[in-house]
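Chains, contacts and geometry: an overview
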Amino acid sequence: MSLSTGRECAAALRDEGFEVTELDAGPDLCDRLGALSPDVVFNALHGRWGEDGCVQGLLEWLGQPYTHSGVLASALAMDKQRSKECFRAAGLPVVESLICSRDEVRSRHVMAPPYVVKPNNEGSSVGVYLVHEEANGPPRLSDDMPAQVMVETFAPGRELTTTVMGDRPLTVTDILTDGWYDYDAKYKPGGSRHVVPAEIPSGIFDLCMEYALRAHDALGCKGISRTDFRWDEARGAAGLILLETNTQPGMTPTSLSPEQAEAAGIGFGALCRWLVEDASCNR
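These lines cover the structure that appears in this document, whether it is placed above or below. What you see is a predicted model; the values in this text were computed from it and never measured.

Relative to the 26 Å expected for 18 residues at 1.5 Å per residue, helix α8 (residues 202–219) spans 26 Å between its end C-alpha atoms, a close match to the ideal helical length. For α8, the set of buried residues is I204, F205, L207, C208, M209, Y211, A212, A215, H216 and L219. Those residues of α8 hidden inside the fold are in contact with α4 (71–78), α5 (80–89), β5 (158–165), β6 (168–176), β8 (224–231) and β9 (240–246).

Further remarks concern the sheet that holds strand β4 (residues 148–153). Across the sheet, which stays open at both edges, the 4 strands sit in the order β1-β4-β2-β3 with antiparallel pairing between neighbours. One side of each edge strand has no neighbouring strand; the edge strands of this open sheet are β1 (97–101) and β3 (129–131). On average, each strand axis in the sheet is tilted by 25 degrees relative to the strand beside it, whichever way the strands run. As defined by bridge partners, β1 adjoins β4 across 5 bridges and the pair is classed as antiparallel. Residue S97 lies in a different strand from β4, and its bridge partner there is E152.

This paragraph deals with the packing of α4 against α5. Contact geometry for α4 and α5: axes closest at 5 Å, N-to-C directions at 105 degrees. Viewed along their axes, α4 and α5 adopt a mutual orientation that is roughly perpendicular. Here L76, A77 and M78 of α4 come into contact with α5, specifically with K80, R82, S83 and C86. Per-class residue counts for the contact of α4 with α5 are 4 nonpolar, 1 polar and 2 charged.

For the rest of this paragraph, the subject is the side chain of T162. Along the chain, T162 falls in strand β5. Residue T162 is classed as buried on the basis of its relative accessible area, which comes to 0%. Engagement of the side chain of T162 in a polar contact is seen with the backbone oxygen of T171, the distance being 3.2 Å. For T162, the contacting residues outside a window of four places in its chain are P169, T171, V172, C208, M209, A212, S225, R226, T227, F229 and Q260.

Before going further, it helps to examine the side chain of T173. Tracing the backbone shows T173 in strand β6. Looking at T173, the relative accessible area reads 0%, which means it is buried. Within the local environment of T173, its side chain forms a polar contact with the side chain of Q260, the two groups lying 2.8 Å apart. Non-local contacts of T173, meaning those with residues more than four positions away in its chain, are made with E159, L160, T161, H194, V195, V196, A198, L256 and Q260.

What follows concerns the nonpolar core. Membership of the largest hydrophobic core comes to 26 residues, with the highest contact counts inside it found for L160, V172, I200, F229 and L240. Those elements that place two or more of their residues in this core are α4, α5, β5, α8, β8 and β9. Per-element accounting of this core gives the leading share, 9 residues, to α8. C9, L13, M165 and C272 belong to the second largest nonpolar core, which has 16 residues in total.

What counts, and where the lines are drawn
In this convention, every chain numbers its residues from 1, walking through the sequence in written order. Confidence filtering applies because this is a predicted model: local features only for residues at pLDDT of at least 70, side-chain atom pairs given and counted only at 80 or more, and all residues used for totals across whole chains, interfaces and linings. Heavy atoms throughout the structure, all of them, feed into the side-chain values; hydrogens and water do not. Numbered from the N terminus, helices here are DSSP runs of H or I no shorter than four residues, and strands are runs of E no shorter than two. To estimate how far a helix should extend, the number of its residues minus one is multiplied by 1.5 Å. Partly exposed residues are those whose accessible area sits between 20% and 50% of the maximum for their type, while under 20% is buried and over 50% is exposed, using a 1.4 Å probe and protein chains only. Note on definitions: a residue-residue contact is assigned when non-hydrogen atoms from the two residues lie within 4.5 Å. For two strands to be treated as a pair, DSSP must find at least two bridges joining them. Fitted lines through C-alpha atoms serve as axes, helices being fitted only where they are in contact, and the angles separating the N-to-C directions of these axes extend from 0 to 180 degrees. An angle below 35 degrees is treated as roughly parallel, one above 145 as roughly antiparallel, one from 65 to 115 as roughly perpendicular, and anything else as oblique. Ten residue types, Ala, Val, Leu, Ile, Met, Phe, Trp, Tyr, Cys and Pro, are classed as nonpolar, four, Asp, Glu, Lys and Arg, as charged, and the remainder, Gly among them, as polar. Identification of polar contacts relies on pairs of N or O atoms within 3.5 Å, with a donor-acceptor requirement for protein atoms, meaning one able to donate a hydrogen and the other able to accept it, and with residues adjacent in sequence counted only if both atoms are side-chain atoms. Only buried residues count toward a nonpolar core. Its members are Ala, Val, Leu, Ile, Met, Phe, Trp, Tyr and Cys residues joined through side-chain atoms within 4.5 Å.

Structure (structure tokens):
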């Protein structure tokens, strides 16, 4: 996913008149950045190291202006339990959750089903287990799951998401899938369908916009972020639950955030240009 984002953003920025060097991050990243001495680093990385404050810390240490969120916001957003604590303190609606050992979750129901088990600091719906209400026993977690996992109450309903660009929430997308919105649904062709703007009541639409901006501000995000929701229609406004905020949302022209920017009148190239112009240190 990072490579796709990088290729698409590099192409768009060249079309916008920027001189672009593509750099595949590795152990020699510090030396290569020092040799290149770019004016701005466009962070197209996803997941751990690139999205959790690590590369942001390196860029701050180098004094290198970069896009998207800084060290603290990136680390907070990537840690699902700590970001929930921030959201709860800001009065935003989140489900109950706890951190448990992988072995304990395998051995018993640590909360009443239905619930979800996921890594506490991964993205892209990798390693997500949904335990249904009628489940006879606890989930058989893969050995690839981390030693500590997050278990949270399952929030039923529709998948909604809102991108914030600077201090502006863009719109709301309704994500339609045949089942769980997992990695395949996110990234494989035909895995999901996006309705943008979402065809939902104006009150729920406005709440998504408000909550996304409040979440962005609560974590201290910069550049763009995307906040995901579940909405149980039967419960009205009380059924809108904030799931998580992504500080490095996918950036291909058909990804959710660029799609929302397009709906708001901001083309993909203009969005990439804005991110570069917004870049700084001390984020």
